[in-house]
Amino acid sequence: MSGQRKSMLSGGIAKQALKDSFMKLNPAVMMKNPVMFVVEVGTFVVLLMVLFPSYFHTEGRIGFNLTVFLILLFTVLFANFAEALAEGRGKAQADTLKKSKKDTTANKMVGGEIKVVSSAELRKGDVVIVSQGEMIPGDGEVIEGLASVDESAITGESAPVIKEAGGDFSSVTGGTRVVSDQIKVMIKSDPGESFLDRMISLVEGAARQKTPNEIALNTLLTTLTLIFLIVVVTLAPIAKYFGISLDIPVLISLLVCLIPTTIGGLLSAIGIAGMDRVTQFNVLAMSGKAVEASGDINTIILDKTGTITFGNRMASQFIPVGDADYAETAYWAAVSSVKDETPEGRSVLELVKKQSIEVHPEAAAAGEFIEFKAETRMSGIDLVDGRHVRKGAVDAVKRWVQAQGGSIPADLDMESDKIASEGGTPLAVAVDSRIYGLIHLKDTVKPGMKERFDQLRQMGIKTIMCTGDNPLTAATIAQEAGVDDFIAESKPEDKIAVIRREQAEGKLVAMTGDGTNDAPALAQADVGLAMNSGTAAAKEAANMVDLDSDPTKIIEVVAIGKQLLMTRGALTTFSIANDVAKYFAIIPAMFMAAIPEMNVLNVMKLGSPLSAILSALIFNAVIIPLLIPLAMKGVAYKPISSSRLLSRNLLIFGLGGVIAPFIGIKLIDLVVHLWI
Ligand SMILES: Nc1ncnc2c1ncn2[C@@H]1O[C@H](COP(=O)(O)OP(=O)(O)OP(=O)(O)O)[C@@H](O)[C@H]1O
Ligand SMILES: [K+]
Ligand SMILES: [Mg+2]
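Residues numbered from 1 in each chain as written. Chains lettered and ligands numbered in written order. Predicted model: local features only at pLDDT ≥ 70, side-chain atom pairs only at ≥ 80, totals over all residues. Heavy atoms only, no water.

Going by an unreviewed UniProt entry, the protein chain carries the name Potassium-transporting ATPase ATP-binding subunit and comes from Paenibacillus rhizosphaerae. The heading Subunit (unreviewed entry) in the UniProt record of the protein chain holds the text "The system is composed of three essential subunits: KdpA, KdpB and KdpC." Here the protein chain is described in UniProt, under the heading Catalytic activity (unreviewed entry), as follows: "K(+)(out) + ATP + H2O = K(+)(in) + ADP + phosphate + H(+)". (UniProt positions renumbered as here; feature names shortened; annotations may be inferred.)

Below, the structure written as structure tokens:
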């Protein structure tokens, strides 16, 4: 998608938004935004008075009323334009995505034979063969083979990615293309429910629902509007008592100036733009609620391998323990890895090859393969001759050996601690009740991690690293990367336990993950960011998917969420503070003639009562388009604590909101006064 990024004011989008601003005048649509709906009703009433002056006895005021009508109309149009502009970028993206969602043919396996069908006919559970040059006909999981896949249609990233059966890189997306080799794919979605379908409706905003925060704010704005409506309606009889007759257009102008039109007009644009900013980062948020929640996150759970470290854990050395020798250790390490398709497993075989050790583990391939599982933290093979070969986390292998009555070589702990204290991962190799030695898996911490975690700390966010690795390796990496806390030897269910524990303390928790075993934790977390490269289960459970599969992106997502909340808060403050100033402009102007005492309130010394009203109304209208760039881009964001941010923003937008209209209205009045 990055290839199609559009600038905010790209011509096509602005033109479409202009058209949409008029379409949105439809009262049925306007009604969803009570503040602006009130303005629209007012606009209509003034229009009637312009059109039928004799009926309303407003013949003498046609010019003024027409001006009020036009300003009010523009107020509504400006607000509509803000929303349409925010929606525009998503719609443009959706159009490009739709183009990559063409029907293709698929080679479906039917009873051992290949049948060519249309991709639209594929259902969950169907198996298809996709070869070099062909389009993958639907979302699914690779069940056989390995291929490189061009995913640029959805990620915008042109470098092909490897997809292979088993492990965390097995899921493929319909609409992407196989550029080499051949894979067998099991389809995982029915027509209309694919990832691309979901993505289109997301960026298009079709699935957009108001978030709880937005609903709460909307209720507040509606209440304020109602209060001012009552105030203005009761003002007429009071004025009459003082012998002043207030025209309906003047009362409507007063009402529009007093109700929070600025935030009312920009509210949905802020929300849409926030979601859009996340999308620009190649992250798909399933709901606006998820984006907002990320702005309130207190704790982030990260895994070590692949998130904090590069994750290409490679075997670098074999270390025999007890009275085993090097060749034996290498041999059993290799045997335990013959069928282990994980990067760790394959790196063991590569190391054996590189060191030209004369072992032929293939001979052992006749056994029953024991796949690596995060629960057991071991992998291996049960040989046909009855021997059980295992490699895995040292504590897990130790327990496994002890359970069979074996003893632990005296130097095992020392050797494994040596590896761990360097940040490496030791794997123990055992056959039945005997431990032969260790495999040293090396991994490196990604550069810049410390700075990122420092930033998060300044935002008041705690980071916890959760790893299946041993405590010493975990401590070394945690220290090197600068995370606040870590949990070692953790199994998938431990991640959920940590999340629940934090949530029980009233904290909002974010986590990233890619494996099927991460799915429950991703679902439990308030913000779950799944990697696009990950399994379908993980993507289903999460409420965000990172198309670039970069787990550290959670940090950016949090920043965007915070920025969204801050922008909304800042503009709400600004809007309400603004209305105070308009009050000082209009009220004295209305009553001055009849009540000379009102003159003390006339701090602005505006030209005439009518020019005061028009100036306030014009200011009220133009402030909306002036603030559109801020609503779309978000207020400037610095990683400092929330309370400091809050007081800083209150100062800028509260004080600014009071002062700006005094200056603005005065300047407008200087011009307007010349005309009337
Ligand atoms: N292919 C494998 N065969 C045997 N044991 C393995 C294999 N891969 C990893 N292990 C062991 O199992 C442990 C847990 O692995 P797992 O991938 O679940 O977590 P991790 O990668 O260490 O932690 P993280 O949650 O940070 O990714 C590893 O620390 C390692 O000791
Ligand atoms: K207003
Ligand atoms: Mg892992």
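Q: Could you clarify how one ought to interpret the coordination of the potassium ion (ligand 2) in this entry?
A: Four donors placed tetrahedrally around a metal ideally meet at 109.5 degrees, and six donors placed octahedrally ideally meet at 90 or 180 degrees. All of the protein donors around the potassium ion (ligand 2) are Val256 (O), Cys257 (O), Ile259 (O), Thr261 (OG1), Asp579 (OD) and Asn620 (OD1); their distances to the metal are 2.3 to 3.2 Å. Positions of the donor residues of the potassium ion (ligand 2) along the chain correspond to the pattern V-C-x1-I-x1-T-x317-D-x40-N. Here valine 256 and isoleucine 259 have matching classes, each one buried. (Donors = N, O, S within 2.8 Å, 3.2 Å for Na, K, Ca; no water. Buried < 20%, exposed > 50% of the residue type's maximum accessible area, 1.4 Å probe, protein only.)

Q: It is not clear to me how the packing of helix α3 (residues 34–51) against helix α8 (residues 212–241) should be interpreted in this structure. Could you clarify?
A: When two helices pack together, their arrangement is captured by the angle between the axes and the distance separating the axes. Across the interface, α3 lies against α8 with an axial gap of 8 Å and an inter-helix angle of 35°. Residue-level inspection shows Pro34, Val35 and Val38 of α3 in contact with α8, the latter providing Asn218, Leu221, Thr222 and Thr225. By residue class, the composition of the contact of α3 with α8 is four nonpolar, three polar and no charged. (Axes fitted to C-alpha atoms, helices over the stretch in contact; angles between N-to-C directions. Helix = DSSP H or I, 4+ residues; strand = E, 2+ residues; numbered from the N terminus. Contact = heavy atoms within 4.5 Å. Nonpolar A, V, L, I, M, F, W, Y, C, P; charged D, E, K, R; others polar.)

Q: What exactly am I supposed to notice about the side chain of glutamate 40 here?
A: Assignment of secondary structure puts glutamate 40 in helix α3. Among all residues touching glutamate 40, those that are not within four sequence positions of it are Leu25, Pro27, Met30 and Val76.

Q: Just checking my understanding: could you explain the sheet that holds strand β15 (residues 434–442) for this structure?
A: Within a beta sheet, neighbouring strands are joined by backbone hydrogen bonds and run either parallel or antiparallel to one another. The strand order across the open sheet built from six strands is β10-β15-β14-β13-β12-β11, with neighbouring strands paired in antiparallel fashion. The two strands at the open ends of the sheet, each matched to only one other strand, are β10 (314–320) and β11 (368–373). Within this sheet the neighbouring strands show an average axis-to-axis angle of 15°, counted without direction. Contacting β12 (378–382), β13 (388–393), β14 (425–431) and β15, helix α15 (residues 394–403) runs over the sheet at an angle of about 145° to β13. Packed onto the sheet, helix α16 (residues 412–421) meets β10, β14 and β15 and runs at close to 5° relative to β15. (Pairing = 2+ DSSP bridges.)

Q: Help me out: how do you make sense of the pattern of salt bridges in this one?
A: Pairs can form between side chains of opposite charge whenever their charged atoms are close. A full pass over the atoms with the stated rule returns 31 salt bridges. One salt bridge connects arginine 61 with aspartate 247, and the closest N-O pair in it is separated by 1.9 Å. Note that arginine 61 is positioned in the loop between α4 (53–56) and α5 (62–99) and aspartate 247 in the loop between α8 and α9 (248–258), a separation of 186 residues in sequence. With relative accessibility at 27%, the residue arginine 61 sits in the partly exposed group. In this structure aspartate 247 comes out as partly exposed when scored by relative accessible area, which is 26%. (Salt bridge = Lys/Arg side-chain N within 4 Å of Asp/Glu carboxyl O.)

Q: Any chance you could explain the nonpolar core here in plain terms?
A: Buried together is how nonpolar side chains tend to be arranged in soluble globular proteins. Counting residues in each nonpolar core, the largest one holds 117 residues, and the members touching the most others are Leu266, Ile300, Ile308, Met544, Met590 and Phe591. When residues of this core are assigned to their parent elements, the largest contribution, 17 residues, is made by helix α22 (residues 554–591). Taken together, domain 1 (11–93 + 203–279 + 561–673) and domain 2 (297–308 + 446–547) each give at least three residues to this core, which thus spans both. Of all hydrophobic cores here, the second largest spans 22 residues; its members include Ala315, Val335, Val429 and Val431. (Core = buried A, V, L, I, M, F, W, Y, C linked by side-chain atoms within 4.5 Å. Domains from an automatic or database assignment.)

Q: Can you help me understand the UniProt feature "transmembrane region" (unreviewed entry) in the protein chain in this one?
A: Residues annotated in UniProt with the feature "transmembrane region" (unreviewed entry) correspond here to residues 35–56, 62–82, 215–238, 250–273, 583–604, 610–630 and 650–675. Along residues 35–56 the backbone is 95% helical and 0% strand, and the end-to-end C-alpha distance reaches 26 Å. End C-alpha to end C-alpha, residues 250–273 measures 35 Å, and it is 92% helix and 0% strand.

Q: Looking at this structure, how should I read the packing of α3 against helix α10 (residues 261–280)?
A: At a minimum axis distance of 8 Å, the contact between α3 and α10 shows a crossing angle of 120°. Classified by the angle their axes make, α3 and α10 are oblique. Our pair here, α3 against α10, has a crossing hand that is left-handed. Along the contact surface, α3 presents Val35, Met36 and Val39, while α10 presents Thr261, Gly264 and Gly265. Among the residues making up the contact of α3 with α10, the classes are represented as three nonpolar, three polar and no charged. (Parallel < 35°, antiparallel > 145°, perpendicular 65-115°, else oblique. Left-handed = near helix turned anticlockwise from the far one by under 90°.)

Q: What is the right way to read the packing of aromatic side chains from this model?
A: In this description, a pair of aromatic rings is defined by centroid distance and the angle of the planes. Here the structure, examined in full by the defined rule, presents five aromatic pairs. Judged by centre distance (5.1 Å) and plane angle (80°), the ring pair of tyrosine 55 and phenylalanine 56 falls under edge-to-face. For tyrosine 55, a relative accessible area of 65% puts it in the exposed group. We classify phenylalanine 56 as partly exposed; its relative accessible area is 30%. Between tyrosine 331 and tryptophan 332, the aromatic rings sit 4.8 Å apart at their centres with planes inclined by 70°, giving edge-to-face as the arrangement. A relative accessible area of 26% places tyrosine 331 in the partly exposed class. Look at tryptophan 332 and you get buried, because its relative accessible area is 7%. (Phe/Tyr/Trp six-rings, centres within 6.5 Å; stacked < 30°, edge-to-face > 60°.)

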